[in-house]
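Residue strings, one per chain:
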Amino acid sequence: MARKKRPFAGETAAERVERASEIAKRLSEGHPDAGVALRHTSPLELMVSTILSAQCTDERVNSVTPELFKRFQAVRDYADADTGELEEMIRPTGFFRQKAKSIQGACSAIAQEHGGEVPREMDALTSLPGVGRKTANCIRGGAWGIPGITVDTHVKRLSRRLGLTDHTDPVKIEYDLNELLPEEIWYEFSNAMIFHGRRVCDARRPDCPNCMLSDLCRFYHEEYNDQKAG
Ligand code: SF4
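Given the structure is predicted, the values throughout are model-derived calculations rather than measurements.

Asker: When you look at the overall build of the protein in this model, what are you seeing that I'm missing?
Answerer: A count of helical and extended segments in the protein gives 12 helices and 0 strands. Going residue by residue from the N terminus, the α and β elements of the protein occur as α-α-α-α-α-α-α-α-α-α-α-α. Based on the C-alpha atoms only, the size of the protein along its principal axes is roughly 65 × 35 × 30 Å. Relative to its 230 residues, the protein shows a buried fraction of 47%. Summarising the internal contacts of the protein: among those between residues at least 6 apart in sequence, 59% fall at separations of at least 24.

In structure tokens:
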């Protein structure tokens, strides 16, 4: 049986770094408006918004947070809140019971163990209920500009399609991307990848013919063209 053509199979580590750098450059130019779409004015608001954004659009989160942030302004406000009231306010974001539990658990821990301030350290953040590495990187980058790659569903899908990783585990993908790109662009790169995933590289119908990355993309060379030919 003839072997499938694999244009990126023989790529050296240095070539992959070069390709990743070109991908990052084009994404930055192609999505200059990429950034955190969750409206916030403090690390606490960003943490709450990020927890609410699981399985929910940023627009929907932004539709509930103005009232929420007016009602609850400090970690103690959330920690001591009536759970039913909090659930009701965040209900439109879905999974509201679990999200309320995460928010109250995280805020209680911050009040008790971090003097009421959202911690910056990765270990401290990921020890909070409802906060994994993805959320922690989002908070650290958005609130303090600390480098980190947020591996959400878009970054995961694009990284694999582009051939920048073969892993499926988000933490392993994050480490692979860390190796390929300088840390000063990690945060900006993940935001641009998220925008590209929303606008061009859709999960079901990637718009490969109109994609600025097609010549650099493993999926396009190895699968998209085959599907077209088939
Ligand atoms: S070429 Fe296609 S699969 Fe590759 S990044 Fe672009 S849209 Fe996604």
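Asker: What is the right way to read the site of the ligand from this model?
Answerer: R161, L162, C201, P206, C208, C211, S214, C217, F219 and Y220 make up every residue found near the ligand. Contributions of two or more residues to the shell around the ligand are made by α9 (153-162) and α12 (218-229). For the shell around the ligand, a count of residues per class yields 8 nonpolar, 1 polar and 1 charged.

Asker: Help me understand the packing of aromatic side chains, please; the structure alone is not making it clear to me.
Answerer: When we look at a pair of aromatic rings, we describe it by the centre distance and by the angle of the planes. Under the criterion given, the structure shown has 1 aromatic pair. Summarising the aromatic geometry, the rings of F72 and Y78 are spaced 5.0 Å apart at their centres and angled 35° between planes, so their arrangement reads as tilted. No difference in accessibility class separates F72 from Y78, as the two residues are buried. Above the ring of F219, the side-chain terminus of R161 is found at 5.1 Å from the ring centroid.

Asker: It is not clear to me how the domain arrangement of the protein should be interpreted in this structure. Could you clarify?
Answerer: Often, the extent of an interface is quoted as the loss of accessible area on bringing the components together. When its domains are assigned, the protein resolves into domain 1 (13-30 + 149-229) and domain 2 (43-144). For domain 1 and domain 2, the distance between their C-alpha centroids amounts to 29 Å. With 9 residues of domain 1 at the interface, the matching set in domain 2 holds 7 residues. With both sides pooled, the region where domain 1 packs onto domain 2 buries about 620 Å², and carbon together with sulfur makes up 49% of that total. In terms of surface lost to domain 2, no three residues of domain 1 exceed T150, E174 and Y187, which account for 57% of the buried area on that side. Remark: the boundary between domain 1 and domain 2 carries 2 salt bridges. Taking the shortest distance from any N to any O, the salt bridge between R133 and E174 comes out at 2.7 Å. Elements represented by at least two residues in the side of domain 1 that touches domain 2 include exactly α10 (170-180) and α11 (186-199).

Asker: Can you help me understand the packing of helix α2 (residues 43-52) against helix α6 (residues 96-113) in this one?
Answerer: A pair of packed helices can be characterised by two numbers: the angle between their axes and the separation between those axes. Where α2 meets α6, the axes come as close as 9 Å, and the angle between the chain directions of the two elements is 150°. It follows from the interaxial angle that α2 and α6 lie roughly antiparallel. α2 and α6 meet at a crossing whose hand is right-handed. For the pair α2 and α6, the contacting residues are L44, M47, V48, I51 and L52 in the first and K99, S102, I103, A106, C107 and I110 in the second. The class makeup of the residues in the contact of α2 with α6 is 9 nonpolar, 1 polar and 1 charged.

Asker: Help me understand helix α3 (residues 58-71), please; the structure alone is not making it clear to me.
Answerer: In an α-helix, one turn spans 3.6 residues; hence positions three or four apart end up facing the same way. In this model, α3 (14 residues) spans 20 Å end to end at C-alpha, consistent with the 20 Å of a helix rising 1.5 Å per residue. Approximately 40° is the largest bend angle found in α3, and it occurs at T65, with the proline P66 only one to four residues beyond. Along α3, the residues that are buried comprise D58, V61, N62, V64, T65, L68 and F69.

Asker: Hey, could you run me through the nonpolar core in this one?
Answerer: M47, L68, Y78 and I103 are the most contacted members of the largest nonpolar core, which has 33 residues in total. The set of elements that each furnish at least two residues to this core consists of α2, α3, α4 (75-79), α5 (83-90), α6, α7 (122-126) and α8 (133-144). Top contributing element to this core by residue count: α6, with 8 residues. Every residue in contact with I103, bar those within four places of it in the chain, is listed here: V48, I51, L52, Y78, L86 and I90. Judged by nonpolar contacts, the second largest core, of 29 residues, contains A20, I23, L158 and I173.

Cut-offs used in this document
Residues numbered from 1 in each chain as written. Predicted model: local features only at pLDDT ≥ 70, side-chain atom pairs only at ≥ 80, totals over all residues. Heavy atoms only, no water. Helix = DSSP H or I, 4+ residues; strand = E, 2+ residues; numbered from the N terminus. Buried < 20%, exposed > 50% of the residue type's maximum accessible area, 1.4 Å probe, protein only. Contact = heavy atoms within 4.5 Å. Near = heavy atom within 4 Å. Nonpolar A, V, L, I, M, F, W, Y, C, P; charged D, E, K, R; others polar. Phe/Tyr/Trp six-rings, centres within 6.5 Å; stacked < 30°, edge-to-face > 60°. Lys NZ or Arg CZ within 6 Å of the ring centre and 35° of its normal. Domains from an automatic or database assignment. Buried area = accessible area lost by both parts, 1.4 Å probe. Salt bridge = Lys/Arg side-chain N within 4 Å of Asp/Glu carboxyl O. Axes fitted to C-alpha atoms, helices over the stretch in contact; angles between N-to-C directions. Parallel < 35°, antiparallel > 145°, perpendicular 65-115°, else oblique. Left-handed = near helix turned anticlockwise from the far one by under 90°. Expected span 1.5 Å × (residues − 1). Bend = angle between axes of the 7 residues up to and from the residue. Core = buried A, V, L, I, M, F, W, Y, C linked by side-chain atoms within 4.5 Å.

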